[in-house]
Amino acid sequence: MLFYGGLSDRIGRKKVFLGGSVAVAIFVFPYLAMLSSGNLALAGVAIIISFAIIWPTYGSLIGTVLAENFAPEIRYTGASLGYQIGAALVGGPAPLIATALLTAFSGSWIPVALFVVFCAVVSFISVSFVKVRHNEDLDA
């Protein structure tokens, strides 16, 4: 997380976040394949890659990306409202959606991967509209 936070200070949060969205969309297929392989070592590698390398590309930045896009007088409310609405609409039901897809497709993880890709594409498109503000004075 510290690495990606520092990288976002140098090259911009938008670039790091967009890269993370692409990484999620690409890695979800090998990730789910490794998890469902039955091989504990492969599952461990999948978890390490996803949580130590890919997740921090957006997990370490989401609060800052949201906060930077609101004026100081509404920053807390705007960032919190945006985050909580997204979490309620997709984050909360995501496990239910994944379970429903697994059930509907006889245990195949491919539809779950496609759902994750869809979410990554929505994130990519959404963040594409974010203003680049990491070098601006945001308290003015």
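All values derive from a computational prediction rather than experimental measurement.

Student: Residue-level account of the overall build of the chain, with values.
Tutor: A tally of helices and strands in the chain yields eight helices and zero strands. Ordered by position in the sequence, the α and β elements of the chain form the string α-α-α-α-α-α-α-α. Principal axes of the C-alpha set define a box for the chain whose edges measure 55 × 30 × 20 Å. Scored against the burial criterion, the 140 residues of the chain give a buried share of 30%. For the chain, the proportion of contacts with a sequence separation of at least 24, taken over those separated by at least 6, is 68%. Of the roughly 8,500 Å² of accessible surface on the chain, a fraction of 73% belongs to carbon and sulfur atoms. Of the side-chain charges in the chain, 7 are positive and 6 negative, and the distance between the mean point of each set is 8 Å.

Student: Describe the packing of helix α2 (residues 13-35) against helix α8 (residues 110-128), with residues and values.
Tutor: A pair of packed helices is captured by two measures, namely the crossing angle of their axes and the spacing between those axes. Two elements in contact, α2 and α8, have axes separated by 9 Å at closest approach and are oriented at 175 degrees. As summarised for this structure, α2 and α8 are arranged roughly antiparallel, according to the angle between their axes. Residues Lys14, Phe17, Leu18, Ser21, Val22, Val24, Ala25, Val28, Phe29 and Leu32 of α2 touch α8, and the partners they reach there are Val112, Ala113, Leu114, Val116, Val117, Ala120, Ser123, Phe124, Val127 and Ser128. Among the residues forming the contact of α2 with α8, the class breakdown is 16 nonpolar, three polar and one charged.

Student: Help me get a handle on the packing of helix α1 (residues 2-11) against α2, residues and values and all.
Tutor: Viewed as axis vectors pointing N to C, α1 and α2 meet at an angle of 125 degrees, and their least axial separation amounts to 6 Å. In this view, α1 runs oblique relative to α2, as classed from their interaxial angle. Residues Tyr4, Gly5, Leu7, Ser8, Asp9 and Ile11 of α1 touch α2, and the partners they reach there are Arg13, Lys15 and Val16.

Student: Just give me the short version of the pattern of salt bridges, but keep the residues and values in it.
Tutor: Under the counting rule described, the total for this entry stands at two salt bridges. Residues Arg13 and Glu68 are paired through a salt bridge, measuring 2.7 Å at the closest nitrogen-oxygen approach. A residue pair is termed long-range when its members are at least 10 positions apart, and Arg13 in helix α2 and Glu68 in the loop between α5 (62-67) and α6 (75-91) qualify at 55 residues. By the burial criterion, Arg13 is buried, and Glu68 matches it. By sharing partners, the salt bridges in this structure join Asp9, Arg13 and Glu68 into a single network.

Student: Give a detailed account of unusual backbone geometry, specifying residues and quantitative values.
Tutor: In this structure, Ser106 is a non-glycine residue whose phi angle is positive, near 50 degrees. Checked against the element boundaries, Ser106 lands in the loop between α7 (94-104) and α8. Residue classification places Ser106 among the exposed residues on the basis of a relative accessible area of 73%.

Student: Quick rundown of the nonpolar core? Include the residues and the values.
Tutor: Most often, soluble globular proteins keep nonpolar side chains buried together rather than apart. Core analysis: the largest hydrophobic core is formed by 16 residues, its most contacted members being Phe27, Val28, Tyr31, Leu32 and Val112. Top element by residues in this core is α2. It accounts for seven residues. When near neighbours in sequence (up to four residues on either side) are disregarded, Val112 contacts Leu32, Ala98, Leu101 and Leu102.

Student: Could you give an account of the environment of Ile54, with specific residues and numbers?
Tutor: Relative to the helices and strands, Ile54 resides in helix α3 (residues 40-54). Taking the C-alpha atoms as reference points, Ile54 and Ser8, separated by 46 residues in sequence, lie 14 Å from one another. Excluding anything up to four places from it in sequence, Ile54 contacts Gly20, Ala23, Val24, Phe27 and Ile49.

Parameters and conventions
Residues numbered from 1 in each chain as written. Predicted model: local features only at pLDDT ≥ 70, side-chain atom pairs only at ≥ 80, totals over all residues. Heavy atoms only, no water. Helix = DSSP H or I, 4+ residues; strand = E, 2+ residues; numbered from the N terminus. Buried < 20%, exposed > 50% of the residue type's maximum accessible area, 1.4 Å probe, protein only. Contact = heavy atoms within 4.5 Å. Areas by Shrake-Rupley, 256 points an atom, 1.4 Å probe, with all protein chains shown as cover. Lys, Arg positive; Asp, Glu negative; His and termini not counted. Charge placed at Lys NZ, Arg CZ, Asp CG, Glu CD. Axes fitted to C-alpha atoms, helices over the stretch in contact; angles between N-to-C directions. Parallel < 35°, antiparallel > 145°, perpendicular 65-115°, else oblique. Nonpolar A, V, L, I, M, F, W, Y, C, P; charged D, E, K, R; others polar. Salt bridge = Lys/Arg side-chain N within 4 Å of Asp/Glu carboxyl O. Core = buried A, V, L, I, M, F, W, Y, C linked by side-chain atoms within 4.5 Å.

Structural measurements only, silent on function.
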